[in-house]
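# Breakdown of the fold
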Amino acid sequence: SQKIEQNSEALNIQEGKTATLTCNYTNYSPAYLQWYRQDPGRGPVFLLLIRENEKEKRKERLKVTFDTTLKQSLFHITASQPADSATYLCALGVDNYGQNFVFGPGTRLSVLP
Amino acid sequence: NAGVTQTPKFRILKIGQSMTLQCTQDMNHNYMYWYRQDPGMGLKLIYYSVGAGITDKGEVPNGYNVSRSTTEDFPLRLELAAPSQTSVYFCASRTRGAEGTQYFGPGTRLLVL
């Protein structure tokens, strides 16, 4: 069956450290993968997109990798800050027309001062 | 631009009642989506639309109906509310193209008692 998982429900790290979040999927062949941030009581906000033929993408303190052989994406936040505390969702683009997306359950990140 | 707006913010329904969740976007996006999010779960796609007059089912369409008479509006109708429909509902829109990012509304929290 098709499944998309994120490594853990919650992750606590110390301020200044690098947070690494994992997104694993089975029985999908996504053309691209997106990461979103969601704060409590609000809708998700887009952060980064990586295509199937790209290994790595960066944006400021954020880095995403995409390994289609392992069926895994890693999302890194370097020099983490308490303001980075939120839930992070990965989403697979599961058709070439961009009509359908499948979201993971999310990882709740807490950055402790 | 207001982006994606949703009304109401919160609603309590009795079992068997019906209601319409409103969604409007002012970005002239072709694609619009309705998701539901249950605690600790990812977003599940209910219905989507690729343009005015065109709608299609997502992963969890049972108990819901949609219409898309204009580019801007994409209302979601619950005909006979059930406790299983207690959830937070998010509307999203995006431009045409396989990799367009989704812009989400603030959500509607629905409680069915």
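To start, this report covers the structure provided alongside it. (Residues numbered from 1 in each chain as written. Chains lettered and ligands numbered in written order. Predicted model: local features only at pLDDT ≥ 70, side-chain atom pairs only at ≥ 80, totals over all residues. Heavy atoms only, no water.)

Turning to the overall build of chain B, a few remarks are in order. For chain B, the helix and strand inventory stands at zero helices and eleven strands. Reading chain B from its N terminus to its C terminus gives the helix and strand order β-β-β-β-β-β-β-β-β-β-β. The C-alpha atoms of chain B give a radius of gyration of 13 Å, which matches the 13 Å a tight globule of 113 residues would have. Taken over the C-alpha atoms alone, chain B extends approximately 40 × 30 × 25 Å along its principal axes. (Helix = DSSP H or I, 4+ residues; strand = E, 2+ residues; numbered from the N terminus. Rg over C-alpha atoms; globule rule 2.2 N^0.38 Å.)

Turning next to the interface of chain A and chain B. The interface is formed by 21 residues belonging to chain A together with 22 residues belonging to chain B. Summed over both partners, the interface of chain A with chain B comes to about 1,700 Å²; 52% of that surface belongs to carbon and sulfur atoms. Where chain A packs against chain B, one counts zero salt bridges. Every element with two or more residues in the side of chain A that touches chain B is listed here: β4 (32–38), β5 (45–51) and β10 (101–103) of chain A. Of the residues forming the side of chain A that touches chain B, the biggest block, four residues, is contributed by β4 of chain A. (Contact = heavy atoms within 4.5 Å. Buried area = accessible area lost by both parts, 1.4 Å probe. Salt bridge = Lys/Arg side-chain N within 4 Å of Asp/Glu carboxyl O.)

All names here are of chain A. Relative to the elements of secondary structure, S73 occurs in strand β8 (residues 72–77). With a relative accessible area of 0%, S73 lands in the buried category. At a separation of 3.1 Å, a polar atom in the side chain of S73 contacts the side chain of W35. When near neighbours in sequence (up to four residues on either side) are disregarded, S73 contacts L21, T22, C23, L33, W35, V64, T65 and F66. (Buried < 20%, exposed > 50% of the residue type's maximum accessible area, 1.4 Å probe, protein only. Polar contact = N/O pair within 3.5 Å; in protein donor to acceptor, adjacent residues only side chain to side chain.)

Turning our attention to the pattern of salt bridges. This model, assessed by the stated rule, comprises nine salt bridges over all chains. Taking the shortest distance from any N to any O, the salt bridge between R58 of chain A and E56 of chain A comes out at 2.8 Å.

It is worth spelling out the sheet that holds strand β7 (residues 64–66) of chain B at this point. All names here are of chain B. Sheet architecture is open: four strands sit in the order β1-β3-β8-β7, paired in antiparallel fashion. Pairing within the sheet leaves two strands with one partner each, and these edge strands are β1 (4–7) and β7. Here the average twist between neighbouring strands, direction ignored, is 20°. The sheet contact formed by strand β3 (residues 19–25) and strand β8 (residues 76–78) spans three bridges and is antiparallel. Counterpart to L21 in the pairing with β8 is L76. (Pairing = 2+ DSSP bridges. Axes fitted to C-alpha atoms, helices over the stretch in contact; angles between N-to-C directions.)

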